[in-house]
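Chain by chain, the residues run as shown.
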Amino acid sequence: MNDVMKDLDWSNLSFGYMPTDYNVRCCYRNGKWGEIEVCSDEYIKLHMAATCLHYGQEAFEGLKAYRCPDGKVRVFRVEENAARLQSTCRGILMPEVPIDLFVEMVKKVVRLNQEYIPTYESGATLYVRPLLLGTGAQVGVHPAKEYMFLIFVTPVGPYFKGGFSANPYVIIRDYDRSAPLGTGKYKVGGNYAASLLPGKMAKSRHFSDVIYLDPSTHTKIEEVGSANFFGITADNEFVTPLSPSILPSITKYSLLYLAEHRLGLKPVEGDVPIDSLDRFVEAGACGTAAVISPIGGIQHGDDFHVFYSETEVGPVTRKLYDELTGIQFGDIEAPEG
Ligand code: PLP
Ligand code: COI
C-alpha cells in the first residue's frame, strides 16, 4: 500500500469515532446478497419500521488493521470475525454474510481508507466495524426480509485509560449483561445496551469497567462489558471462563494458544468462582479494543482484591502482550491461522 497519510496526531488518538473517506455496503434482497457499493455518506436511509430499530435485529463485529514496519498492512484473523458474525446471524435469524464477502469488504474498506491507518510507531490502529442491520419493515415480531451489511473504519488509540497499564474493575451484582440462555454469546447491540447503565455506574466510581458474573448463580466471573477475562495462577495456568453467555473472544482464543505454545503455560477454560480469586497472581481483560488491559484489582462489595499490583503490570501479562501485539504488527512470526 502507498504511504500517503492524513495529517493526524496518531500517538494521541482516543478510542472514538473519526470520519474517514469511505464505507462499503452490501444489501440482501429477494433471498440474495447484491453487489458491494462504495459510499462516502456517513448516514444511512432507513425505513421507520426496520426490524433493527424495533426488534434488535442488529449485529456488529470489531477487528483491526495494523500498519507494519515491513510496509504491509495486516488485518488480524478476519475469517474468525466473519465466522462469529455468521453464528450471530443464526442466533437472531439474519441471513449469514458469506465469509468471502466479509473478507473482501474488509480488505476493500481498509484499502480505500489507507491514509487513515495509523503509523506503526504510534501503536494506534485502524478499527474496522462491520455492521448488519435488518432493514425490511415489520410490525409483528418477525425477522426482516431485507438487510444491509456495511463496514466503516476509524483510527483508534487505547480503549482503556493508559493503554497497557493496570486499572481497577468492579463487580456490580445487581446487573447482568445477558440472560443465562440469552444472546450473550452473540455480538448484538442489546447486550451493550444492557451494559450502559452499570458501565456508567462503574465509571462514575472511577473503575475502568464492570466485571459481570454468571447470570444463573452470580458466583462466577463471566467477562468484562467489552472484553473477556483471564487470570494467571501461581502454578502457571492461563485460566479463562467458559460459559454459554459470554462472547467468544477471538483475542482470548489467540491468547489461549500463545499461552500454551509460546509461554509454556497450561491453558484452562473453566469456572472462575469469585471466592477463588486468591489463586490468581495476575489478571487481565482481553479483546480487540482492549488488546490486553491488565486488571490491577477487582472491587467486590467492600473488598478490593489486588492481583499482581494495583498499578504495575505483571511479567506474564507483559509477555502475552508482547507476543500478541508482536504478531499483530508483523514483528513476530504468527502461528498458522
Ligand atoms: N467480550 C465482549 C462483550 C466484547 O464486546 C468483546 C469485543 O469484541 C470481547 C469480549 C472481545 O472479543 P474479541 O477478542 O473477538 O474482540
Ligand atoms: C471490540 O473489542 O471490538 C468491541 O467490540 C468492544 C467494544 C468497543 C464494544
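Provided above is the structure to which this section pertains.
Heads up: these notes are all about the structure in this document.

Calculation notes
Residues numbered from 1 in each chain as written. Chains lettered and ligands numbered in written order. Predicted model: local features only at pLDDT ≥ 70, side-chain atom pairs only at ≥ 80, totals over all residues. Heavy atoms only, no water. Near = heavy atom within 4 Å. Polar contact = N/O pair within 3.5 Å; in protein donor to acceptor, adjacent residues only side chain to side chain. Helix = DSSP H or I, 4+ residues; strand = E, 2+ residues; numbered from the N terminus. Nonpolar A, V, L, I, M, F, W, Y, C, P; charged D, E, K, R; others polar. Areas by Shrake-Rupley, 256 points an atom, 1.4 Å probe, with all protein chains shown as cover. Phe/Tyr/Trp six-rings, centres within 6.5 Å; stacked < 30°, edge-to-face > 60°. Buried < 20%, exposed > 50% of the residue type's maximum accessible area, 1.4 Å probe, protein only. Lys NZ or Arg CZ within 6 Å of the ring centre and 35° of its normal.

1. A word on the site of ligand 1
Here's step 1: Around ligand 1, a shell composed of 17 residues is seen, among which Tyr192, Glu223, Ser249, Thr251 and Thr288 lie nearest.
Here's step 2: Ser249 has a polar side-chain atom sitting 2.6 Å from an oxygen atom of ligand 1.
Here's step 3: Elements that contribute at least two residues to the shell around ligand 1 include exactly β11 (221–224), β12 (227–233), α5 (250–261) and β15 (280–287).
Here's step 4: Its residues assigned to classes, the shell around ligand 1 comprises six nonpolar, seven polar and four charged.

2. Re the site of ligand 2
Here's step 1: Every residue lining ligand 2 is accounted for by Phe15, Phe60, Gly62, Tyr127, Arg129, Tyr159, Lys187, Tyr192, Ser226, Thr288 and Ala289.
Here's step 2: In the environment of ligand 2, an oxygen atom lies 2.6 Å from a nitrogen or oxygen atom belonging to the side chain of Tyr127.
Here's step 3: The protein chains hide 90% of the 280 Å² of surface that ligand 2 would expose on its own.
Here's step 4: Of the residues belonging to the shell around ligand 2, the class tally is six nonpolar, three polar and two charged.

3. Digging into the packing of aromatic side chains
Here's step 1: Taken as a whole and judged by the stated rule, the model has 14 aromatic pairs.
Here's step 2: Ring geometry for Phe229 and Phe280: centres 6.2 Å apart, planes at 70°, overall edge-to-face. Taken as a pair, Phe229 in strand β12 and Phe280 in strand β15 lie far apart in primary sequence, 51 residues in all. Each of the two residues, Phe229 as well as Phe280, counts as buried.
Here's step 3: It is Arg177 that lies over the ring of Tyr192; its NZ or CZ is 6.0 Å from the centre.
Here's step 4: The ring of Tyr253 carries the charged tip of Lys252 above its face, separated from the ring centre by 5.0 Å.

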